[in-house]
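What follows is each chain in one-letter form.
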Amino acid sequence: LTENNTDYYKDLFKELKELLKDDNYSDSEYAKLIAKLFVADFYDLNSKLNKNDVGGYQFVYKSYQETFKKFASDVNGVYYYVENNIYGDRKQDLPVVEEVSITNIENIPYAYGSISDTDAYNITVSVTYKKDLGYPKSVDLILIHSNDKIEVVEMK
C-alpha cells in the first residue's frame, strides 16, 4: 500500500489480507478480490502521479508486467494523457473508482503460449466511478493460477 492508494483500495487490500490469514481460504473469493483490486487500482487514474504510475500491474502475470505497464502508458493506453501531479497541482479531471462489483465468475480452461491453467477464472466486474468520464463500466478479466498466486492474464 502507498499513501496515494484510495481508501476503497485500502479496504479491499485489508479484505485480501484477512482472507489469506485462513489456510483454507476460498480460491474463488481470492480470485474475486484480485479482480476487484486490479480494476480499482488500474482505473482510478486520479490517484496516480503521472502516466508511468500504472495501477494494478502488481496483479498482472509476472512475466507480462513490464509489457503491460508500457502498453497502458503508450499513445493508445488509458494512462497516456494523465498529467503529472508530482507537486499536487494537477487540474485534470480523472476517474475515481468508488466500487468494483463482481457480476459474473466462471471457471474455464485457459491456454496461451506456454501459459496453461485448467481451472482459470473468467470474471466480469462492474465499475462505479465518482463521476462518469466515459471509462469502462464493465471489464472482463481472465485470471490464472501461477505458483501460489492468482494473476490477471487478460483484460477485455
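Here the structure is shown first, and the text comes after it.
Bear in mind that the values here come from a model prediction, so they are computed numbers and not experimental data. (Residues numbered from 1 in each chain as written. Predicted model: local features only at pLDDT ≥ 70, side-chain atom pairs only at ≥ 80, totals over all residues. Heavy atoms only, no water.)

Undergrad: Break down the pairing of strand β3 (residues 138–146) for me, citing the residues and quoting the values.
TA: Here strand β2 (residues 115–129) runs beside β3; their pairing, made up of six bridges, is antiparallel. Bridging across to β3, Val125 finds its partner in Val139. Examined bridge by bridge, β3 and strand β4 (residues 149–155) share six bridges and lie antiparallel to one another. Bridge assignment links Ile144 to a residue of β4, and that residue is Glu151. Between β3 and the antiparallel strand that follows it, β4, lie two residues; Asn147 among them carries a positive phi value of about 55°. (Pairing = 2+ DSSP bridges. Helix = DSSP H or I, 4+ residues; strand = E, 2+ residues; numbered from the N terminus.)

Undergrad: For the pairing of β2, give the residues involved together with the corresponding values.
TA: Looking at chain direction, strand β1 (residues 97–112) and β2 are connected through 13 bridges and run antiparallel. When the sheet's bridge partners are listed, Ser101 is paired in β2 with Ser126. Hairpin connection from β1 to β2: two residues lie between these consecutive antiparallel strands, with Gly113 at a positive phi of about 60°.

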